[in-house]
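Survey of secondary and tertiary structure
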Amino acid sequence: MPGYATGRDLPGARAVDERDGDLDADVEFWGLLYLDPLLELRLLASESAAPAELAPGARPPGEDISAAALTLTSDARLRGLLEEAGTGDDFAAAVAAVLTAPDCRRFLRDPAAQDPAAVLARAFLAEAVRRRAGQEGPAPALDGTARDEAVVRITELLPGAAGPGTHRGPVTRKVKRTAGRLALGLASAQAVKRRSALTDAAHPAAGDVLLYLSRGAAIREAIAEAVRTAEPPVVLLAHSLGGIASLDLLVLRALPEVALLVTVGSQAPFLYELGALPSLEHGSPLPAHVPRWLNVYDRRDLLSYLGAGVFPGRVDDISVDSRQPFPLSHSAYWSNPELYRVLAGELP
């Protein structure tokens, strides 16, 4: 299986350094927050000592930060980042949902030592992503880099930030330690929930592939018709199942008007290795008439596979990083500026 044992790193790639490990921990922690946006603040609240008694007439310690949170969307820069992150329409409702949750109210009773601005920022964004991903329709393309920048902007806008330079990464060291304890002691119900989410996310793609393997001719013909009506030179850009069908078409037919094939998050190399690619038996080389092939993948996307080792000299594998956990990483390509920089440099 291409990339299976290597975590989808290219052969000969440099060893993973400490910064890569930190980023992986951040992405995994976001995966947990997407399932339970209140998780971090709940864990931190459970570590706090009992809050002190308030003096007569004193404002509750979390009142200022709650009031400021309700005005976040008045900031134009934050609104732009939320739109880039794909969460603009859901953010206001997410903030209200987090602030009114009992776990959040408990957290805000004693926020002084808990870096509340950063914790709340992550909770708000995680709840917005959860709401967006749960809507009907195509999977959303959510950009992790814009999400992280939105976290930084929220911490700047909320009172109680720990200070300049302390929130430049998506998750602080203290939170990573919390995530490590969580990974060791995660309740079985939460683990089942996570496994169910991953299974449900992979199921539509797997079902589409199985349907294509049994009735793929019509899909290939639709792609061929689109090529015929386009002005040459044609770049065939295809995601996931589309990459399988496009490669099949180009193997089965010589289409000289197609100058470049770009597959994104594709399982075509994997199916070839299984002997399940309809157009090409395992062990057979790509025909000479197949055009240049760029295969864009994200090592966090469990449905993307490498092709260079399977078709030596015929495929260029290009890595991008959505900073999103699976399954969001499978649809995050289209919101990732890295992909468009790759395309801009390759389009004829």
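Residues numbered from 1 in each chain as written. Predicted model: local features only at pLDDT ≥ 70, side-chain atom pairs only at ≥ 80, totals over all residues. Heavy atoms only, no water.

A short note on the packing of aromatic side chains
All chains considered together, the criterion is met by 5 aromatic pairs. Ring geometry for Phe91 against Phe124: centres 6.3 Å apart, planes inclined by 90°, an arrangement best described as edge-to-face. Pair noted here: Phe91 is in helix H5 (residues 91-99) and Phe124 is in helix H7 (residues 116-133), with a separation of 33 residues, a long-range link. Phe91 sits in the buried class, given a relative accessible area of 0%. Geometrically, the ring pair formed by Phe270 and Tyr305 is stacked, given 4.6 Å between the ring centres and 10° between the ring planes. On the criterion of sequence distance, the pair formed by Phe270 in helix H13 (residues 268-274) and Tyr305 in the loop between strand S3 (292-297) and strand S4 (315-319) is long-range, its members being 35 residues apart. A residue is classified by how much of its surface remains accessible, and Phe270, at 16% relative accessible area, is buried. (Phe/Tyr/Trp six-rings, centres within 6.5 Å; stacked < 30°, edge-to-face > 60°. Helix = DSSP H or I, 4+ residues; strand = E, 2+ residues; numbered from the N terminus. Buried < 20%, exposed > 50% of the residue type's maximum accessible area, 1.4 Å probe, protein only.)

Quick look at the nonpolar core
If you look at the biggest cluster of nonpolar residues, it comprises 42 residues, and the most contacted ones within it are Leu41, Phe91, Leu120, Phe124 and Leu158. If you list the elements that add at least two residues to this core, you get helix H1 (18-35), helix H2 (39-47), helix H3 (63-69), helix H4 (76-85), H5, helix H6 (102-107), H7 and helix H8 (144-157). The leading source of residues in this core is H7, at 10 residues. Beyond its immediate stretch of four places on either side in the chain, Phe124 contacts Ala69, Leu72, Phe91, Ala94, Val95, Val98, Leu99 and Leu158. Counting residues in each nonpolar core, the second largest holds 28 residues, with Ile223, Val234, Leu261 and Phe311 among its members. (Core = buried A, V, L, I, M, F, W, Y, C linked by side-chain atoms within 4.5 Å. Contact = heavy atoms within 4.5 Å.)

A short note on the sheet that holds S3
Read from one edge of the open sheet, 4 strands run S1-S2-S3-S4, paired in parallel fashion. Because the sheet does not close on itself, it has two edges, and the strands there are strand S1 (234-239) and S4. With direction set aside, neighbouring strand axes in the sheet form an average angle of 20°. Lying over the sheet, helix H12 (residues 241-252) contacts S1, strand S2 (258-264) and S3, oriented at roughly 140° with respect to S1. (Pairing = 2+ DSSP bridges. Axes fitted to C-alpha atoms, helices over the stretch in contact; angles between N-to-C directions.)

Interpretation in functional terms is not warranted from these geometric data alone.
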